[in-house]
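Chain and residue survey
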Amino acid sequence: MGQLFDGPCRLCGETYTGQGITSHLKRCLADHANQGALHHGLLVGVRSDGYGGRYWLYMLVRPEASLFDLDGHLRATWLESIGRPSAFDIEERQYLNTLEADEVGSDSPIRSMDTDVGSVIRPRTDFKYLYDLQHRDRFELVVYDPYPCPSSLVDDPSEADVVTVARNEAGDAECATCEGEASLICPACAEADVEEGFYACESCRDEHDEHDAELLPIVNSPRMGVGGFRG
Ligand SMILES: [Zn+2]
Ligand SMILES: [Zn+2]
Ligand SMILES: [Zn+2]
């Protein structure tokens with residue numbers, strides 16, 4: 001596991017560590033409780049390890065939203081929008097994005113994401129999200145209490161079902177060769193976990209010519225450097 005990033009709370013603009021952000025958000029959401037609530041959403045935190053470190057994202061999720069909505073928000077924030085398969089593992093069941101509700105039997109452990117979030121998750125439960133079964137990206141989600149969703153967090157009311165409250169910022173990356181500011185990641189060096197690091201700047205990209213992977217742009221996503229991901 002790499003570095004746990006810091007990031008700002010969208011409500012107050014203050015930056016918190018990945019350790020402190022959860023308790024801050026509970027306080028800050030309670031402090032903003034009477035500012036034009038659009039709905040009461042469950043606070044859901046997600047964490048995922050990538051080459052760059054440990055990424056995190058907190059959302060308010062309307063209980064009437066579907067798992068498809070949650071999947072769509074995770075894709076839009078962190079993942080490419082091309083149709084890789086994904087799944088939520090919640091208790092003993094798996095909810096797939098590739099199934100419609102009428103394609104599964106009522107007692108099947110495999111379900112469709114066409115399922116209300118509020119019918120399958122509760123405060124103080126945790127669950128998993130899997131994206132791109134080939135690369136087996138795993139995301140750990142924790143459900144906290146419901147909080148009023150302040151209208152100040154929502155630009156477009158039609159997208160209020162799942163709202164980002166806080167997200168990590170990625171730290172500056174240093175070129176493994178010249179220690180200048182890097183803009184690229186070498187997936188081969190990252191996979192081998194080479195001691196000098198796996199970032200490169202444009203001028204030093206030739207240093208990675210012999211390595212068995214194409215250099216990719218640095219992006220604020222646990223998918224950085226994975227499977228040709230470009231953000
Ligand atoms: Zn705050
Ligand atoms: Zn360099
Ligand atoms: Zn390399």
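Description of the structure in this document. Values in this document were obtained by computation on a predicted structure and should not be read as measured data. (Residues numbered from 1 in each chain as written. Chains lettered and ligands numbered in written order. Predicted model: local features only at pLDDT ≥ 70, side-chain atom pairs only at ≥ 80, totals over all residues. Heavy atoms only, no water.)

Here the focus is a negative patch on the surface. Taken together, Glu-100, Asp-102, Glu-103, Asp-114 and Asp-116 make up a surface patch of like negative charges. Here Asp-116 is to be found in the loop between strand S7 (110-112) and helix H3 (117-120). Among the residues examined, Asp-116 registers a relative accessible area of 41% and is labelled partly exposed. (Patch = residues over 30% accessible without salt bridge, like charges linked within 9 Å, V, L, I, M, F, W, Y side chains within 5 Å. Areas by Shrake-Rupley, 256 points an atom, 1.4 Å probe, with all protein chains shown as cover. Salt bridge = Lys/Arg side-chain N within 4 Å of Asp/Glu carboxyl O. Lys, Arg positive; Asp, Glu negative; His and termini not counted. Charge placed at Lys NZ, Arg CZ, Asp CG, Glu CD. Helix = DSSP H or I, 4+ residues; strand = E, 2+ residues; numbered from the N terminus. Buried < 20%, exposed > 50% of the residue type's maximum accessible area, 1.4 Å probe, protein only.)

A few words now on the coordination of the zinc ion (ligand 1). The coordination sphere of the zinc ion (ligand 1), as far as protein atoms go, consists of Cys-9 (SG), Cys-12 (SG), His-24 (NE2) and Cys-28 (SG), spread over 2.1 to 2.4 Å. Linear spacing of the donor residues for the zinc ion (ligand 1) on their chain is C-x2-C-x11-H-x3-C. Of this pair, Cys-9 sits in the loop between strand S1 (6-8) and strand S2 (15-17) while His-24 sits in helix H1 (residues 21-31), and the two are 15 residues apart along the sequence. Residue classification places Cys-9 among the buried positions, given a relative accessible area of 1%. A relative accessible area of 6% places His-24 in the buried class. (Donors = N, O, S within 2.8 Å, 3.2 Å for Na, K, Ca; no water.)

Attention now moves to the pairing of strand S8 (residues 126-131). Both faces of the sheet carry side chains from a regular strand, because those side chains alternate between them. Summarising the sheet, strand S5 (residues 86-90) and S8 pair through 4 bridges and their orientation is antiparallel. The residue bridging Phe-88 from the neighbouring strand is Tyr-129, located in S8. Bridging between S8 and strand S9 (residues 137-150) involves 6 bridges; their strand directions are antiparallel. Looking at the pairing, Lys-128 lines up with Glu-140 of S9. In this structure, the hairpin formed by S8 and S9 is closed by a connection of 5 residues, where Asp-132 is found at a positive phi of approximately 60°. (Pairing = 2+ DSSP bridges.)

The next thing to look at is the sheet that holds strand S11 (residues 184-185). The strand order across the open sheet built from 3 strands is S12-S11-S13, with neighbouring strands paired in antiparallel fashion. Sheet topology places strand S12 (199-200) and strand S13 (216-217) at the edges, where each strand pairs with a single neighbour. The pairing of S11 with S13 spans 2 bridges and is antiparallel. Looking at S13, one finds that Leu-184 is bridged to Pro-217.

Counting 65 residues, the largest nonpolar core has Val-44, Met-59, Leu-67, Phe-88, Ile-121 and Phe-127 as the members making the most contacts within it. Of all the elements, strand S4 (residues 54-61) adds the most residues to this core, at 7 residues. Here this core gathers at least three residues from each of two domains, domain 1 (6-167) and domain 2 (172-231). With sequence-adjacent residues up to four places away left out, Leu-67 is seen in contact with Phe-88, Ile-90, Tyr-95, Met-113, Thr-115, Val-117 and Val-120. (Core = buried A, V, L, I, M, F, W, Y, C linked by side-chain atoms within 4.5 Å. Domains from an automatic or database assignment. Contact = heavy atoms within 4.5 Å.)

These figures come from the coordinates and say nothing about function on their own.
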